[in-house]
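Understanding the architecture of this molecule
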Amino acid sequence: MSIGPSNGVVMMQQGPLIACVRQATEMDHLCTRTGGVRAFGDCDDFMRHLMAHLLGDEFEAWEASLAAKKADYDAKRPAAGKTRGDIFVKKR
């Protein structure tokens, strides 16, 4: 949460902050101060439990749809080597 631009989004938030990160961060105090939640753990596990709670009986169908959605998303990604000008690619 200390790497931009995502850290700027955390600082702009208005309302409860919910953070799920394995280690302590410099933003942890914002969770308490805003009435949010600070969970130490794996984000994928956290989101799976959250979605199960939110979707109820529809959760299993939603989870079963994820493999096809991931395959579709991956098919749209650029080839290895990051040829699309990502910010992480060194400029020549």
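Above this text you will find the structure in question.
Attention here is on the structure that accompanies the text. The model shown is predicted, which means the values in this text are computed figures rather than measured ones.

Once that is clear, we can look at the nonpolar core. Listed in full, the 6 residues of the largest apolar core are Val10, Leu17, Ala19, Met27, Leu30 and Cys31. For Leu30, the residues in contact, after removing those within four places along its chain, are Val10, Met11 and Leu17.

With 13 residues, helix α3 (residues 43-55) ought to run about 18 Å at 1.5 Å a step, and its terminal C-alpha atoms sit 18 Å apart, in line with that. Of the residues flanking the end of α3, it is Gly56, one or two places downstream, whose phi is positive at about 60°.

One pass over the structure, following the stated rule, counts 1 aromatic pair. Geometrically, the ring pair formed by Phe59 and Trp62 is tilted, given 5.8 Å between the ring centres and 35° between the ring planes. Note that Phe59 and Trp62 are positioned in helix α4 (residues 59-76) at a spacing of 3 residues, about one turn of the helix. Overall, the relative accessible area of 8% leaves Phe59 in the buried class. Overall, the relative accessible area of 26% leaves Trp62 in the partly exposed class.

With that settled, consider the environment of Ala52. Residue placement: Ala52 occurs in helix α3. Sequence separation between Ala52 and Trp62 is 10 residues; the distance between their C-alpha atoms is 9.2 Å.

Cut-offs applied
The residue numbering used here restarts from 1 in each chain and proceeds along that chain's sequence as written. Confidence filtering applies because this is a predicted model: local features only for residues at pLDDT of at least 70, side-chain atom pairs given and counted only at 80 or more, and all residues used for totals across whole chains, interfaces and linings. Water and hydrogen atoms were dropped before computing side-chain values, which therefore reflect all heavy atoms in the structure. Residues enter a nonpolar core if they are buried and are Ala, Val, Leu, Ile, Met, Phe, Trp, Tyr or Cys, with the set joined through side-chain atoms within 4.5 Å. Three labels apply to residues, based on accessible area from a 1.4 Å probe with only protein chains included: buried if under 20% of the type maximum, exposed if over 50%, partly exposed otherwise in between. By the convention used here, residues are in contact when the closest approach between their heavy atoms is within 4.5 Å. Each helix corresponds to a stretch of at least 4 residues labelled H or I by DSSP, and each strand to a stretch of at least 2 residues labelled E; elements are numbered beginning at the N terminus. Helix span, expected: 1.5 Å multiplied by one less than the number of residues in the helix. The criterion for an aromatic pair is that two Phe, Tyr or Trp rings (for Trp, the six-membered ring) have centres within 6.5 Å, with stacked assigned to planes under 30 degrees apart, edge-to-face to planes over 60 apart and tilted to the rest.

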